[in-house]
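# Geometric and topological summary
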Amino acid sequence: MAKNHERIHHDEKNLCNLCVTELEGIYEELELTDAELDILSVPRRVFTVHFPVTLTNGTTRMFIGHRVQFNDSRGPSKGGIRFHPELKLDHVSDLAFLMALKCAVVNIPFGGAKGGVVVNPKELTRDELELVTRAYIRAIADFIGPFKDIPAPDVYTDEKVMVWILDEYEHLKREHAPAMVTGKPVELGGIKARQYSTSLGGIYVLEEAVKEKNIDKSHVRVAIQGFGNVGENAARILYERGYIVVAVSDSKGGVINQEGLDIREVIVHKRKEGTLQGFMGGQSISNKDLLTCDCDVLIPAALSDQIDRNNAKLIKAKIVLELANAPTTSEANILLFERSIMLIPDVLANAGGVVGSYFEWIQSLSNDYWDEEQVLVRLKKVMIDAFNDIYTVCREESCTMKKAAYKIAIKRILTAEKLRGNL
Ligand code: GLU
């Protein structure tokens, strides 16, 4: 039997760097066999498509799209579609692996997937973006569907993009298929709470963590990196619940005010100016400095790899809530644990998004209507149950929450594989 990470390395087959770094610390404790390790660290299906789109100026450009279905032993693959100029297949694969773990952590019957198009949506017109989305869906239509693989919003994609996905797919299949995508507008079978379910799900978990850490709720000071859908909704909900939001930022930079920012005004400013810069109710702060500012709770809600071995030593927060996917490197996760900083890992912290998607999928499959209250009650229960499952393992084994979450998820995935006769 090969040693350590060699056991997880599959040469050209290996598309998942996260599997190597994350599974390494776990497989010995779980006594995984080589076959189990193989099943967990190789994506089941990987698609790369190239498609031409004629832009408004008459030129035709080839675009690249990816979709990775990492594991579907527990149910249809599920995961977002992102538009990003730097999108790389191996990163998509890492994120698909995280989705498989995430769905298992919150115990919903989905596997994990992720996809996207290499494109900067800010450089295209709305019409061009629609053409790109539709062409991408035509290219992968045979591999997705309500019982195969269900896309959702992710970085730089939204409701509008989900409608183009749905409409193109339904044209191709010549029938309605509302359960083939989630994150739809309410008028087309979406659920209202899906827009903010990632943020609210994270806040339900955060409130449990605040209790565990014995922090006085009325004095919790929060800093949030990222002001897209997830970061903005987190800021709004926390502000409405009486938390003191001291700092927020978007890709261009942020604002800080230790007395607390008026988030309603920040949102108005961002809508009007398209940026947080120039907001008068605080001083400006860079994205980098926000991470190490004086606060009790730090919420990275932007992109990956923001907290690393260099700045982990400087973090002042007592709790880090990972609303982004993979914002903390593995090394930094350990450094924070050694400093008794509680890191609530992405696979739990931002799972409210896919849980909201799950409710939407059920609603679309059954042509039913769930009211907002029903969604929120169920979301809260799923998130708090998952927090308790993980926290119990953490206490028993004095390990990081990330390790506990991974262990729970891996056991659930492997049980499904065994029941199917794959192991
Ligand atoms: N893109 C979100 C995530 O990373 C949501 C995925 C989904 O709802 O399928 O969790």
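Here the structure is shown first, and the text comes after it.
Below is a summary of the structure that appears in this document. (Residues numbered from 1 in each chain as written. Predicted model: local features only at pLDDT ≥ 70, side-chain atom pairs only at ≥ 80, totals over all residues. Heavy atoms only, no water.)

## Describing the site of the ligand
Note the following rule: Proximity is defined per residue: if any heavy atom of the residue lies within 4 Å of a molecule or strand, that residue is considered near it. We call two N or O atoms a polar contact when they sit within 3.5 Å, provided that within protein one can donate a hydrogen and the other can accept it, with sequence-adjacent residues counted only if both atoms are side-chain atoms. Each accessible area is a Shrake-Rupley result for a 1.4 Å probe, and residues are judged covered by the shown protein chains and nothing else. Helix and strand labels come from DSSP, where a helix needs a run of H or I of at least four residues and a strand needs a run of E of at least two; each type is numbered from the N terminus. All residues other than Ala, Val, Leu, Ile, Met, Phe, Trp, Tyr, Cys, Pro, Asp, Glu, Lys and Arg, Gly among them, are scored as polar; the first ten of these are nonpolar and the last four charged.
Lys 78, Lys 102, Pro 153, Asp 154 and Ser 357 are the nearest of the 14 residues found near the ligand. Asn 325 has a polar side-chain atom sitting 3.1 Å from an oxygen atom of the ligand. Across the complex, the protein chains shield 94% of the 290 Å² of accessible surface that the ligand would expose by itself. Elements supplying a minimum of two residues to the shell around the ligand: β3 (77-84), α4 (89-105), β5 (149-153) and α13 (352-366). Of the residues belonging to the shell around the ligand, the class tally is 4 nonpolar, 5 polar and 5 charged.

## A short note on the nonpolar core
Heads up, the rule is: Here, the term nonpolar core denotes a set of buried Ala, Val, Leu, Ile, Met, Phe, Trp, Tyr and Cys residues that are joined through side-chain atoms within 4.5 Å. A 1.4 Å probe rolled over the protein chains alone gives each residue an accessible area, and that area as a share of the maximum for its type sets the label: buried under 20%, exposed over 50%, partly exposed in between. Any two residues having at least one pair of non-hydrogen atoms within 4.5 Å are treated as being in contact.
In terms of nonpolar packing, the biggest core is built from 99 residues, with Ile 224, Val 248, Ile 344, Leu 348 and Ile 410 touching the most fellow members. With near-sequence residues (within four places) excluded, Ile 410 lies in contact with Leu 23, Ile 26, Leu 30, Leu 32, Leu 40 and Leu 101. The next biggest cluster of nonpolar side chains, apart from the first, holds 26 residues, and it includes Phe 51, Val 132, Val 161 and Tyr 169.

## A closer look at the environment of Ile 408
Within the element layout of this structure, Ile 408 appears in helix α15 (residues 401-419). A relative accessible area of 14% places Ile 408 in the buried class. Spatially, the C-alpha atom of Ile 408 lies 36 Å from that of Trp 164, the residues being 244 residues apart in sequence. Discounting residues that sit within four places of it in the chain, Ile 408 has contacts with Asp 389, Ile 390 and Val 393.

## With respect to the pairing of strand β8 (residues 253-256)
Consecutive residues of a regular strand have side chains that alternate between opposite faces of the sheet. Condition: In short, DSSP must find at least two bridges between two strands for them to pair.
Along β8, one buried face is formed by Gly 253 and Val 255 and the opposite face, lined by Gly 254 and Ile 256, is buried too. Sheet topology places strand β7 (residues 244-250) next to β8; 4 bridges connect them, and they run antiparallel. Bridge assignment links Val 248 to a residue of β8, and that residue is Val 255. Count of turn residues in the β7/β8 antiparallel hairpin: 2 residues. Of the pairings in the sheet, the one linking β8 to strand β9 (residues 283-285) comprises 3 bridges and is antiparallel in character. Bridging from a neighbouring strand, Ile 256 pairs with Gln 283 of β9.

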